[in-house]
Amino acid sequence: MKKYVVGVVGASGAVGEELFRVLDEQHFPIKKLVPLASIRSAGEEIQAFGENHKILETTHNVFEKEGIEIAFFSAGGSVSAEFVPSAIKAGALVIDNTSHFRMQDDVPLIVPEVNPKDILKCKGAGIIANPNCSTIQMVQVLGPLHKAFGIKRVDVSTYQAVSGAGKKGMEELVTQMQKFFAFELEECEPQTFPHRIALNLIPQIDVFMPNDYTKEEMKMVNETHKILGADFPLSATCVRVPVLRSHSESISIAFEREVTAQMAREILEKSENIVVVDTPAEKLYPMPIISIDTDETYVGRIRNDIYDKKILHLWCVADQLRVGAATNAVRIAKKWVEFKDQAQK
């Protein structure tokens, strides 16, 4: 198997660190690893594959200089906007974890369990976009159900962990909880979030749009339509919760015909990278604490609507840093490598 020179832009961030772990665990065929970050982090070392690797500064010529063939970008939209063209010019496949390129018509937006063949639109140097974290786990559930039964409408409420805001978000929750136990919480001003997150819920993620939905909520709508190639109505309410890792979602799905909870369970149990945990009588259902540091999306509380047999309600949970970011990105890269190897045979 061919091995690749792999670059990771945003190597010192929360998703960057998770990318190194997932690449190692999934035995990605790496010839050389090139960690990249801003000048502030350049010179620091990260540990991956049992070795120390020095972080290099992200510059326009580093991709060609280091011979990078696959570049994971996870350092914010402005960084991607500036440096992705240079990576492509150097001949690299870019897997971008930001929202900057997601809705461009010529950029495939990929969840490998749902629309893997769209990867073929990017046969060489180019961009493949990694969807929003909350979108990924939702479409992993919606994809097989839509294929089996046909979806008419979706309403989702998310309960998103502070890991979605990176290291700063996690540090802010921990600091505020420490202040709470020291009876100093009222003195703790929020920095990362619009309000205090400790012992609180914030029904706002990202900025509000003219239609009074937040940018995060509209990402879920638009990205889901692009990934599934469908335009059924979808409404999202995204809430930040005081949980360190793993996003949770309450999803209500209206189908074109009557669907029982058992029919949906059987479809989801056969679906790739989904684990059904659904025995309410034994208090077994998905929770953040069971999904942390895993690569699966957990689904439970699957039940029919009381009034309409064409509607199902369910609950799903996944680790935002892995399933919602790093793991999906690595799965995209592995599938791209697989398609490339098949084309060369």
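Structure: above.
Rules and cut-offs
- Residues numbered from 1 in each chain as written.
- Predicted model: local features only at pLDDT ≥ 70, side-chain atom pairs only at ≥ 80, totals over all residues.
- Heavy atoms only, no water.
- Helix = DSSP H or I, 4+ residues; strand = E, 2+ residues; numbered from the N terminus.
- Buried < 20%, exposed > 50% of the residue type's maximum accessible area, 1.4 Å probe, protein only.
- Lys, Arg positive; Asp, Glu negative; His and termini not counted.
- Salt bridge = Lys/Arg side-chain N within 4 Å of Asp/Glu carboxyl O.
- Polar contact = N/O pair within 3.5 Å; in protein donor to acceptor, adjacent residues only side chain to side chain.
- Contact = heavy atoms within 4.5 Å.
- Patch = residues over 30% accessible without salt bridge, like charges linked within 9 Å, V, L, I, M, F, W, Y side chains within 5 Å.
- Areas by Shrake-Rupley, 256 points an atom, 1.4 Å probe, with all protein chains shown as cover.
- Core = buried A, V, L, I, M, F, W, Y, C linked by side-chain atoms within 4.5 Å.
- 1 Å grid on protein atoms, 1.4 Å probe; cavity = no way out; pocket = protein on both sides within 12 Å on 5 of 7 lines; lining within 4 Å.
- Points joined across faces, edges and corners; volume = space filled by probe spheres on them.
- Pairing = 2+ DSSP bridges.
- Axes fitted to C-alpha atoms, helices over the stretch in contact; angles between N-to-C directions.
- Expected span 1.5 Å × (residues − 1).
- Arc of directions from axis to C-beta.

K.L.:
With reference to specific residues and values, describe the side chain of R240.
P.N.:
Mapped onto the elements of the fold, R240 is located in strand 10 (residues 234-240). Salt bridges are absent for the buried R240, whose nearest opposite-charge side chain, E216, sits at 6.2 Å. Within the structure, the side chain of R240 is placed 2.8 Å from the backbone oxygen of A161, a separation counted as a polar contact. Non-local contacts of R240, meaning those with residues more than four positions away in its chain, are made with Q160, A161, V162, G164, A165, F193, I197, N200, L201, I202, I205 and H247.

K.L.:
Which residues make up a nonpolar patch on the surface, and what are the values?
P.N.:
On the surface, Y285, M287, I289 and I290 cluster together to form a nonpolar patch covering roughly 350 Å² of accessible area. When you line up the elements, I290 lands in helix 8 (residues 288-291).

K.L.:
Describe the nonpolar core, with residues and values.
P.N.:
Among the nonpolar cores identified, the biggest contains 44 residues, and V6, F28, I70 and F72 are the most heavily contacted of them. Listed by contribution, the elements that provide at least two residues to this core are strand 1 (4-9), helix 1 (14-25), strand 2 (30-37), strand 3 (45-48), strand 6 (70-73), strand 7 (93-96), helix 5 (166-181) and helix 9 (322-344). Examining the composition of this core, we find that nine residues originate from one element, helix 9, more than from any other. Look past the residues within four positions of I70 in its chain and what remains in contact with it is Y4, V5, V6, G7, F28, L93, I95, W336 and V337. Residues V141, F149, L228 and L234 belong to the second largest nonpolar core, which totals 30 residues.

K.L.:
Residue-level account of the environment of S41, with values.
P.N.:
Along the chain, S41 falls in the loop between strand 2 and strand 3. In sequence terms S41 and P108 are 67 residues apart; their C-alpha atoms lie 31 Å from each other. In this structure S41 touches S12 and I55, once residues within four positions along its chain are discounted.

K.L.:
If you had to explain the layout of surface pockets to someone new, which residues and values would you point to?
P.N.:
Estimated volume of the largest pocket: approximately 1,200 Å³. Lining the largest pocket are 44 residues, with S74, A75, G76, G164 and G166 positioned closest to its centre. If you list the elements that add at least two residues to the lining of the largest pocket, you get helix 1, helix 3 (77-89), helix 5, helix 6 (215-228) and helix 9. Looking at the lining of the largest pocket, the element that brings in the most residues is helix 5, giving four residues.

K.L.:
How would you summarise the sheet that holds strand 13 (residues 297-304) if you had to cite specific residues and measurements?
P.N.:
In any sheet, the strands associate via hydrogen bonds between backbone groups, in a parallel or an antiparallel arrangement. With mixed pairing, the six strands of this open sheet are ordered in space as 10-9-11-14-13-12. Each of the sheet's edge strands pairs with one partner strand only, and the pair in question is strand 10 and strand 12 (274-276). Neighbouring strand axes in the sheet, compared pairwise and without regard to direction, differ in orientation by 20 degrees on average. For strand 12 and strand 13, the ladder comprises three bridges, and the chain directions are parallel. Paired with V275 across the bridge in strand 13 is Y298. Lying over the sheet, helix 6 contacts strand 9 (151-160), strand 10 and strand 11 (247-255), oriented at roughly 140 degrees with respect to strand 10.

K.L.:
Tell me about helix 5, and please be specific about residues and values.
P.N.:
Over its 16 residues, helix 5 extends 24 Å from the first C-alpha to the last, a length consistent with the 22 Å expected when each residue adds 1.5 Å. Along helix 5, the positions that sit buried rather than exposed are G166, G169, M170, E172, L173 and Q176. Each buried residue of helix 5 lies within a common arc of 155 degrees when the element is viewed along its axis, so the set occupies one face. Exposed side of helix 5, more than 90 degrees from the buried face: K168, Q178 and F181 are the residues found there. Turning to helix 5, the residues buried within the fold contact helix 1.

K.L.:
Can you explain the sheet that holds strand 5 (residues 56-57)? Please cite residues and give values.
P.N.:
Taken in spatial order, the six strands line up as 5-2-1-6-7-8 in an open sheet, and their pairing is parallel. Two strands in the sheet have a free side with no partner beyond their single neighbour: strand 5 and strand 8 (126-129). Where strand 2 and strand 5 come together, two bridges link them in parallel fashion. Each bridged residue has a counterpart across the sheet, and for A37 the counterpart in strand 5 is E57. Running over the sheet, helix 3 touches strand 1, strand 6, strand 7 and strand 8 and is turned about 180 degrees from strand 6. Helix-sheet contacts for helix 9 involve strand 1, strand 6, strand 7 and strand 8, and the interaxial angle to strand 6 is about 160 degrees.

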